[in-house]
Structures are given as C-alpha cells and as structure tokens.
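# Fold and contact review
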Amino acid sequence: MADFDLYTYQEEVVERALQRENIIIWLPTGGGKTRAAVYVAKRHLETTERAKVVVLVNKVHLVDQHYKKEFKPHLDQNYKVVPVSGESDEKDFFGKVVQKSDVVICTAQILYNALTNTEETKHVELSDITLLIIDECHHTHKESVYNKVMRFYLEKKLKGERRLPQILGLTASPGTGGAKILNRAVEHVLQICANLDSAIVSTKNYAPELKRKVPRPIKSFDIVEKRPADPFGSHLKWMMELIHEYMNLPPDFKLRECGTQEYEADVVILEKRGVKEDNRLLAQCALHLRQYNDALLINDTLRMMDAYCSLEDFYSTKLTRTIDGTDLFLVGLFQENQVELKKIAQDSRYENPKMAKLESVLLKQFGQGVQSRGILFSKTRRSTYCLNDWVLNNRALQQAGIKATILTGAGNGSTYMTQNEQAETIRNFRDGTLNLLISTSVAEEGLDIPECNLVVRYGLLTNEIAQQQASGRARAQNSQYSVVAMRGGREERREITNEYLEELTREAIAKVQEMNLQDFHRKINELQIQAVISSRVAENQKTEKRSRYTASSIQFLCRNCFKSVASGSDIKLVDNAHYVNVNPDFEKHYKAGGQVKIPRSFEDWEPGRTISCNNGNCNKDWGFEMKYKKIALLPNLAIKNFALQTPDGRITVKKWKDVQFNVEDFSFNQYCQDYYPDLLD
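As the structure is a computational prediction, the values presented were derived from the model and not from experiment.

## Things to note about the overall build of the protein chain
A count of helical and extended segments in the protein chain gives 22 helices and 24 strands. Here the protein chain has a C-alpha radius of gyration of 27 Å; the compact-globule value for 681 residues is 26 Å, and the two agree. Counting only C-alpha atoms and orienting by the principal axes, one finds that the protein chain spans roughly 75 × 75 × 45 Å. Put simply, 71% of the contacts in the protein chain that link residues at least 6 apart link residues at least 24 apart. Seen as two clouds, the 93 positive and the 90 negative side-chain charges of the protein chain have centres 2 Å apart.

Spelled out as structure tokens, the structure:
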C-alpha cells in the first residue's frame, strides 16, 4: 500500500485504475487529482513487473511543480523520479532517461518527439511504458500534442498489439466542445473518452465529502452601467472612418462594428487580401485599423490612457519606417490627433466605470486587519501590466494593503516571464509578501497556487472550462468569485452561457457513465477507427499540400514592403524546428539589430542578433540569427513576416507547417563543404 492517505472520494475515483482499467479522473480544481495519480503510480510501481510510469503535462512549468510537490515527496525514496522539460539537458538523451528511470515527468512534446525520433538515445516505444498519466487531459483533441501521442496508442491498439500502457487521465472539466445541446455534448465527452481509450470516473458515493473539501465560492455579478459619454472612443472611431475612406474599401467587403472581436477578424482578412493582391495601401490601412480597434477594446476594459499609450507605442515605431504616401497619411493622421486624444484620455470625467467597480470589489475583500488573498484574471499580458500599474498608483488600494504583481505565461520576450520568475512570484504569494496576482489564463490551469478568498474575472470572454478552473482558484471558506462586466455586455452574457454549459457538461458525463458497458465500448471503438482513418487522410492531404510547388518556384517577399528577398530553395530545416536561410547572399537584404536573449541554453545553437528588412525605411522584423555549432551563422525566419509568391499567385501563412513546398533538412557537413571548405581539409 502507498504510505499516504487519500480522502474517501479519492479512493472511490482511483478504484478502477487500481484494477488496471484505463480511466479519466474528473474532479474539480483543488480536488486532489494529482495526489490521486501519485497514489495510483505508487501502487502500479509496487505491483507491476518492470514498471515504467510517464507523466505528461501540457505546460513546461508543471514539470517541475509535479516533480517537487507531488511525485518526488512520495516516490523518490524507493524509485528514480526524473523531471524532463525543453529546458533540461535530459531531453537530448530522453530514450536513455526513460530506460534508467522508474518515473519520468515531461511535457507531451518531449514524449512525442521521442516516439518519432529514430536516434537510439532519444527514441522511446510506447511499449516501454506501463502507465501513462495525462494531466489536463481535456486537451486530448484535434491536433494537440496529447492527441498525437494517443494516436500512436490507437494505431497499435487497432492493430491488435497487446503491450500498451495503462492510461490515467486527469481533468477538472472535459467541457462540451462548443456543443449547446445534450446529445452533442455527450458526443464530445465520448470523443475525449475514445481519444484516451478510457472511461470517465467521478465520485458518486462521497460527493458531500468532496463538497466540504472543495467549497464552491459565492458568485457575484458586479455589473456596471454604460458610460454616459465616451469622447475618447468616439474620436478613435472618427479617425477609423477617415482611414476607411482613404483605403477605398473593396465593394464586396463589409466591415462589422468597430471595437469588437468581429471587426478585428475582418481587418486581419483585409490585410491578407491586400498582400495577396499586391495592394499595399489596403494591407497597411488594415494593419493600422487593427491597432485602433485594439485601442477601443482597451478603452472598453481599462483606462483611457492605457488605450492612448497602446497607440503611442505603435506609432513610435512607425515614425522612422515610412515608405510611401500610405505610411505618411497614417502616421500623419495619428500625429494630427495625438494632442487631442491625450487631452481627452487625461479627463477623469470620462474614465471607464469598470475601473471604479473593480476598485470597490477589491476594497470589499481587502482591508485593515483582513488577511485576504486574490487573483485578478485578465485577457492579455498587456492588460495585466496596465492593471498592475493602476493598482500601484491607486491610493485607496494601497491603503487597503494590496500588494500586487503580475503572473503571465513562460516564454521569450519582454512581456513573458521565465519559469524562475513564475516560481518566485507564487512563492511570494504563498508566504504573504504578495496578496494579489494579476494574471492571464496561466493561473487558471495546473499551477500550484494557494487557496484564495477572492477571484475576479475582468474583461474576459472564455469557455466553460476556463471559467470552472478560474472559479476553482477561490477555495477558501466563504470565498468570493466576482465577474465585473457591463450590463448586457458580452462578458455578462458569456458568463451566463458558461454556467449553462457547466451544467450541460455534468449532464453529458452522467449520460456517458450510465451507458451500458457493451454500448460504451462499441461506440468508443467506432470513434477510434474514425479518428485513425481521418488522421491518415489528413496526413496524406498535408503531404500533397507540401508537394504542391517546387521550392525553387517560390519567392519570399517582405510582408511590409513586398520586396523579393529569397527563394524557397534557400530555406532549410534545422533540428526539425528552425527554418533558416542558408544562402549567403541573403545577408544583403537584412540589417542586424540587438542581441536576442533567451533565458536557457540549447544543445547545438545559440541566439544571435535580431534581423529586419533593410529596404529603405522598411525595417520589418524578420526573425533572428542563430549560431549553429559555433560556426554557421544562420538567419532564422518567422514565416508570418513574409509573403510567398507562388506560380498561382501570392499567399500568406501563419506557420511553417502551412507552406506548400517541401523544405529540405539542413546538412551541417554540406554547409561547411559549400561555405567553409578549409575547415574540412
């Protein structure tokens, strides 16, 4: 037996897993899913010959968290437990790590890479694993990495292979997959079950104990009346109208209401159309309209000055990048209205009433002698910075003892946090140095954040899964869950819809659990066969798409100035991850900027300087140089910053996987032979 106890409701949900069944544990945030998984893993290790447990997570920071907080304390004494992420050296010989360890905790991408890699030190077979634990398993759908891993499993299962790992999925909510009616929601839950080859399990007999352990917060809609006047927003809309007139909008294209997500989608399409039709005026006007629309959305959520500053930041980079009359008009329009916009933004009579409501919500919970701890969820990294600045400069909130900071996702760039910064922030929150986290969705899912007595969702439009996870962060007794929203606005409507979808999810799971076992397995098998066939068809289509053009027939154009700068045959793929230009003549098309800093090291390469278009004043960002094996200086290109001229016209793509020609693998030896023959003598 494991040397730690479970709550009775946890014992109930792990019962079938201990009998070696594939199951999904469905428990709310804070219900102890990970602890239950550790219990199953320990029992599995004790009772299985040549046991090998792999724990998959969907975010890098969860590798270390699960290792330190859950698996290491309970298993490390008798078993070798190893955490592996993209930031650790072990990933470079992952196959050997799996061989020599009892438990491996890693991101799903690392296991997927190992399943597809043929190099002996890196390769892993699914049959090497005896228990596969999948955290936040509701992500096992469509083209997610979780689902790609599970397709390996399904392919083998449907071929009749017996040596497959037991599956244990963990989720706070599988959601409805966008379904609004029960039978469709049931189909979605069944699809998740099929993808994971598992039944879904929840507590039936000990629900009251779970309710006591994870109390639901008291929910309030803190509703704000519409602004009586919004001269700042009105002025932005007037400027947008001037751009509409200047750009000569195509007669077959109708823009929806500005200041909405729908309008943003429209101008994204317009920019692509401008690039495709060699119409720079249309493309640039669409890009600038998107910035104005962003400012309207910020004005609707944050302070007017936040909206103004977003435009000021954008145009500060455009002043030295004017190429033609379109740029002069657009930059000139902002400059002519800059003083007036700033003047309105500084007039407190027109300030966003949502900010005052947010202040009152926070002051109710924080005060002298009250030990409160809260999370304020906002949509974007930019909005978290703006809200943090507002809290720091708000006298009433400071007097109430609010000590706030930002928590955003890990990544590269000035608005991202490193893993260490995330860990330090949560540590300070736990010990009381901080008592308010202003966070993006990173704090909704998985992160080990202590119990809060206040959760505020501010300016958010998310699905029912994110709503439940955010709500689950308010776990202290009598905690508050506040939705600050405009009366009748989209946020209020979405929150009400999500409440309905949360209930629909429960009903759908209940229906699946009530199914006759034979019917359930028959349905799961049908869905699995369909999934494997669909996957093969999609893969064939992708291969066909990739072979549509020859690499030499493709020309790369700067997406800003439309100058042709490279051929598709110049592009090579390094380490199955980086698309680089190996043609030395490419150097004359770009200028190098500042050194790129990435807070981690890599096996064969290191970052160099940023690169941008040197055609006149263009200066469009293109990517950065990478130094490969300390010799080859290779421009690493971001495909979204280029247009592709094909034999059938011009196109744009967001990701390299969508290009319609084959990119050959980079050969370091060939590169040295071509450009550094002296080194090989």
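On we go from here.
## Section: the packing of aromatic side chains
All told, the structure shown has 18 aromatic pairs when counted by the stated rule. With centroids separated by 5.7 Å and ring planes inclined at 15 degrees, the aromatic side chains of Y7 and Y9 adopt a geometry described as stacked. We classify Y7 as partly exposed; its relative accessible area is 40%. Relative to W656, the ring of Y579 lies with its centre 4.3 Å away and its plane at 5 degrees, an arrangement referred to as stacked. You can see Y579 sitting in strand β17 (residues 578-581) and its partner W656 sitting in the loop between β23 (649-651) and β24 (664-665), a full 77 residues away along the chain. Summarising the burial analysis for this pair, Y579 and W656 share the class buried. Through pairs of rings, three or more aromatic residues link up here, namely F556, Y579, F586, Y590, W622, F642, W656 and F661. Sitting above the plane of the F429 ring, R373 keeps its charged end 5.5 Å from the centroid. One residue, R650, lies across the ring of F562, its end atom 5.0 Å from the ring centre.

## Comments concerning the UniProt feature "domain: RLR CTR" (unreviewed entry) in the protein chain
Listed under "domain: RLR CTR" (unreviewed entry) in the UniProt record, and renumbered for this structure, are residues 544-673. End-to-end, the C-alpha atoms of residues 544-673 are 32 Å apart, and along that stretch the chain is 7% helix and 42% strand.

## Some remarks on the nonpolar core
Judged by nonpolar contacts, the single largest core of 56 residues is most densely connected at F232, Y292, L358, L362 and L387. A per-element tally of this core places helix α11 (residues 280-301) first, with 8 residues. Here this core spans two domains, and each of domain 2 (218-225 + 352-510) and domain 3 (231-350) adds at least three residues to it. Once residues within four sequence positions are removed from consideration, L362 is found in contact with W390, L397, I402, L436 and L454. Listed in part, the 49 residues of the second largest apolar core include V82, I129, A179 and L504.

## Notes on a nonpolar patch on the surface
There is a patch of nonpolar side chains on the surface, built from L158, I529, I533 and V537 and spanning about 310 Å² of accessible area. For the nonpolar patch, the leading source of residues is helix α20 (residues 517-546), giving 3 residues. By the element assignment, I529 lies in helix α20. For I529, a relative accessible area of 38% gives the class partly exposed.

## Notes on the pattern of salt bridges
Summed over the entire model, instances satisfying the criterion amount to 42 salt bridges. Its salt-bridge partner being R50, residue E49 comes within 3.4 Å of it at the nearest N-O pair. Exposure remark for E49: the relative accessible area of 64% places this residue in the exposed category. Taking the shortest distance from any N to any O, the salt bridge between R303 and D306 comes out at 2.9 Å. Residue R303 is classed as buried on the basis of its relative accessible area, which comes to 16%.

## Quick notes on unusual backbone geometry
The backbone of R20 sits at a positive phi, close to 70 degrees, despite the residue not being glycine. Of note, D197 is a non-glycine position whose phi angle comes to about 50 degrees, a positive value. Structurally, D197 can be placed in the loop between α7 (182-196) and β7 (199-201).

## Some points on the pairing of strand β11 (residues 436-439)
Burial along β11 is two-sided: L436 and I438 facing one way and L437 and S439 facing the other are all buried. As paired elements, strand β9 (residues 374-377) and β11 share 4 bridges and run parallel to each other. Within the sheet, the bridge partner assigned to G374 lies in β11 and is L436. Relative to β11, strand β10 (residues 404-407) runs parallel, the two sharing 4 bridges. Bridging across to β11, T405 finds its partner in L437.

## Overview of the packing of helix α6 (residues 145-158) against α20
Helix-helix packing is characterised by the crossing angle of the two axes and by the distance between the axes. Interhelical geometry of α6 versus α20 gives an angle of 115 degrees and a closest axis separation of 10 Å. Here α6 is positioned roughly perpendicular relative to α20, judged by the angle of their axes. Viewed along their axes, α6 and α20 form a crossing whose handedness is left-handed. Mapping the contact onto sequence places R151, L154, E155, K157 and L158 in α6 and N525, Q528, I529, A531, V532, S535 and R536 in α20. Here the residues of the contact of α6 with α20 sort into 5 nonpolar, 3 polar and 4 charged.

## Quick notes on the environment of Q371
Turning to its location among the elements, Q371 is positioned in the loop between α14 (353-365) and β9. Owing to a relative accessible area of 76%, Q371 belongs among the exposed residues under this scheme. C-alpha separation for the pair Q371 and P677, spaced 306 residues apart in sequence, amounts to 69 Å.

## A look at the sheet that holds strand β12 (residues 454-458)
Across the sheet, which stays open at both edges, the 6 strands sit in the order β8-β13-β12-β9-β11-β10 with parallel pairing between neighbours. This sheet does not close on itself; its edge strands, each paired only once, are β8 (218-224) and β10. Strand-to-strand twist in this sheet, taken as the mean axis angle between neighbours without regard to direction, amounts to 20 degrees. Two strands pair when backbone bridges link them, and β12 and strand β13 (residues 480-486) are joined in this way by 5 bridges, in the parallel orientation.

## As for helix α15 (residues 381-392)
Under the 1.5 Å per step criterion, the end-to-end length of α15 is 17 Å for 12 residues, consistent within 8% with the ideal 16 Å. Listed as buried for α15 are S383, T384, C386, L387, N388, W390 and V391.

Here is what the cut-offs are and how they apply
Residues numbered from 1 in each chain as written. Predicted model: local features only at pLDDT ≥ 70, side-chain atom pairs only at ≥ 80, totals over all residues. Heavy atoms only, no water. Helix = DSSP H or I, 4+ residues; strand = E, 2+ residues; numbered from the N terminus. Rg over C-alpha atoms; globule rule 2.2 N^0.38 Å. Contact = heavy atoms within 4.5 Å. Lys, Arg positive; Asp, Glu negative; His and termini not counted. Charge placed at Lys NZ, Arg CZ, Asp CG, Glu CD. Phe/Tyr/Trp six-rings, centres within 6.5 Å; stacked < 30°, edge-to-face > 60°. Buried < 20%, exposed > 50% of the residue type's maximum accessible area, 1.4 Å probe, protein only. Lys NZ or Arg CZ within 6 Å of the ring centre and 35° of its normal. UniProt positions renumbered as here; feature names shortened; annotations may be inferred. Core = buried A, V, L, I, M, F, W, Y, C linked by side-chain atoms within 4.5 Å. Domains from an automatic or database assignment. Patch = residues over 30% accessible without salt bridge, like charges linked within 9 Å, V, L, I, M, F, W, Y side chains within 5 Å. Areas by Shrake-Rupley, 256 points an atom, 1.4 Å probe, with all protein chains shown as cover. Salt bridge = Lys/Arg side-chain N within 4 Å of Asp/Glu carboxyl O. Pairing = 2+ DSSP bridges. Axes fitted to C-alpha atoms, helices over the stretch in contact; angles between N-to-C directions. Parallel < 35°, antiparallel > 145°, perpendicular 65-115°, else oblique. Left-handed = near helix turned anticlockwise from the far one by under 90°. Nonpolar A, V, L, I, M, F, W, Y, C, P; charged D, E, K, R; others polar. Expected span 1.5 Å × (residues − 1).

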